Amino acid sequence: MKLTEIIEAFNENLSKEYGAILLYIELRKLPLMARNVKTAALISSLAEDEMHHAEMLADRIASLGGESTWQIAPFERKSTVRETLMQIIESEEQAIEDYSYLIERLAGQPKLREMLIAILEDERRHKGRTEELLKSASGRKANP
Ligand SMILES: [Fe+2]
Ligand SMILES: [Fe+2]
């Protein structure tokens with residue numbers, strides 16, 4: 001990949017990471033999530049992971065000589081826990097796809113790959129945790 005293509009791809013990922021932070025903030029404030037202290041703490045930790053990803057990407061873009069975006073990937077606001085969780089699971093799946101694709105394309109760039117592989121591992125874990133949340137929310141006969 002050319003340097004400009006790498007910077008462009010990282011900026012696209014960065015805007016999606018910003019979007020992911022907002023999705024978790026939205027999820028956390030929904031009553032069914034906010035009432036459970038452990039669940040709320042888990043969601044905060046997932047939002048912090050996304051912030052850490054955003055920081056890593058922005059730092060890397062700067063070190064490659066690029067300018068990091070201030071764009072936040074848009075998403076439609078959902079009103080129920082179920083819908084919000086389904087939306088988050090979809091966005092985690094998209095992140096897994098995006099990072100896997102980039103890792104493949106960056107075969108000759110071990111440092112960049114290493115960073116993306118670490119992010120990819122987090123995204124896979126996020127998908128697992130949010131799927132568990134969806135299962136337990138469905139079991140509780142949710143309450144929107
Ligand atoms: Fe992320
Ligand atoms: Fe994630």
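Please refer to the structure placed before this passage.
Residues numbered from 1 in each chain as written. Chains lettered and ligands numbered in written order. Predicted model: local features only at pLDDT ≥ 70, side-chain atom pairs only at ≥ 80, totals over all residues.

Q: Would you take a moment to explain the overall build of the protein chain for this structure?
A: Along its length, the protein chain carries 5 helices and 0 strands. Starting at the N terminus and ending at the C terminus, the protein chain contains elements arranged as α-α-α-α-α. The globule rule puts the C-alpha radius of gyration for 144 residues at 15 Å, and the 16 Å found for the protein chain is close to it. By principal-axis analysis of the C-alpha atoms, the protein chain measures approximately 50 × 25 × 20 Å. Looking at the protein chain as a whole, 26% of its 144 residues are labelled buried. Put simply, of all contacts in the protein chain between residues at least 6 apart along the chain, 77% involve residues at least 24 apart. (Helix = DSSP H or I, 4+ residues; strand = E, 2+ residues; numbered from the N terminus. Rg over C-alpha atoms; globule rule 2.2 N^0.38 Å. Buried ≥ 20, exposed ≤ 12 C-beta atoms within 10 Å, placed from the backbone. Contact = placed C-beta atoms within 7 Å.)

Q: So what exactly am I meant to see when it comes to the environment of threonine 39 here?
A: In this structure, threonine 39 sits in helix α3 (residues 37–63). By the C-beta count within 10 Å, which is 17 here, threonine 39 ends up partly exposed. When the C-alpha positions of threonine 39 and arginine 28 are compared, they lie 8.2 Å apart, and in sequence the two are 11 residues distant. Non-local contacts of threonine 39, meaning those with residues more than four positions away in its chain, are made with Met33 and Leu133.

Q: How should I be thinking about the packing of helix α1 (residues 3–29) against helix α4 (residues 81–105) in this particular structure?
A: Two packed helices can be described by the angle between their axes and the distance between those axes. Orientation of α1 relative to α4, taken along the N-to-C sense of each, is 160°, at an axis distance of 11 Å. Between α1 and α4, the angle falls in the class roughly antiparallel. In this structure, α1 meets α4 at a crossing whose hand is left-handed. In this structure, α1 contributes Ala9, Asn13, Lys16, Ala20, Leu23, Glu26 and Leu27 to the contact, and α4 contributes Thr84, Leu85, Gln87, Ile88, Ser91, Ala95, Asp98 and Leu102. (Axes fitted to C-alpha atoms, helices over the stretch in contact; angles between N-to-C directions. Parallel < 35°, antiparallel > 145°, perpendicular 65-115°, else oblique. Left-handed = near helix turned anticlockwise from the far one by under 90°.)

Q: Looking at this model, I keep getting lost on the packing of α4 against helix α5 (residues 110–139). Mind explaining?
A: Running from N to C, α4 and α5 point in directions that differ by 160°, and their axes come no closer than 9 Å. By the angle class used here, α4 and α5 are roughly antiparallel. With respect to the hand of their crossing, α4 and α5 are arranged in left-handed fashion. Broken down by class, the residue content of the contact of α4 with α5 amounts to 17 nonpolar, 4 polar and 8 charged. (Nonpolar A, V, L, I, M, F, W, Y, C, P; charged D, E, K, R; others polar.)

Q: Looking at this model, I keep getting lost on α3. Mind explaining?
A: Side chains of residues three or four places apart in an α-helix project in the same direction, reflecting 3.6 residues per turn. When the terminal C-alpha atoms of α3 are compared, their 39 Å separation across 27 residues agrees well with the 39 Å that a helix rising 1.5 Å per residue should span. Within the span of α3, buried status applies to Ile43, Leu46, Glu50, His53, Ala54, Leu57, Ala58 and Ile61. Looking at the buried side of α3, the elements it contacts are α1, α2 (31–34) and α5. (Expected span 1.5 Å × (residues − 1).)

Q: In this structure, what is going on with α1? I would like to understand it.
A: Helix length check: α1 (27 residues) gives 40 Å between terminal C-alpha atoms against 39 Å at 1.5 Å per residue, within 8%. Residues Ile7, Phe10, Asn13, Leu14, Lys16, Glu17, Tyr18, Ala20, Leu23, Tyr24 and Leu27 constitute the buried set of α1.

Q: Hey, could you run me through the nonpolar core in this one?
A: It is characteristic of soluble globular proteins that their nonpolar side chains tend to be buried jointly. Counting residues in hydrophobic clusters, the biggest one holds 13 residues, and the most contacted among them are Leu23, Tyr24, Leu27, Met33, Ile43, Val81 and Leu85. Those elements giving two or more residues to this core turn out to be α1, α3, α4 and α5. Per-element tally for this core: the top contributor is α1, with 4 residues. When near neighbours in sequence (up to four residues on either side) are disregarded, isoleucine 43 contacts Tyr24, Leu27, Arg28 and Met33. In this structure, Ile7, Phe10, Leu14 and Ile61 belong to the second largest nonpolar core, which totals 8 residues. (Core = buried A, V, L, I, M, F, W, Y, C linked by C-beta atoms within 7 Å.)

Purely spatial values, then, with no claim about function.
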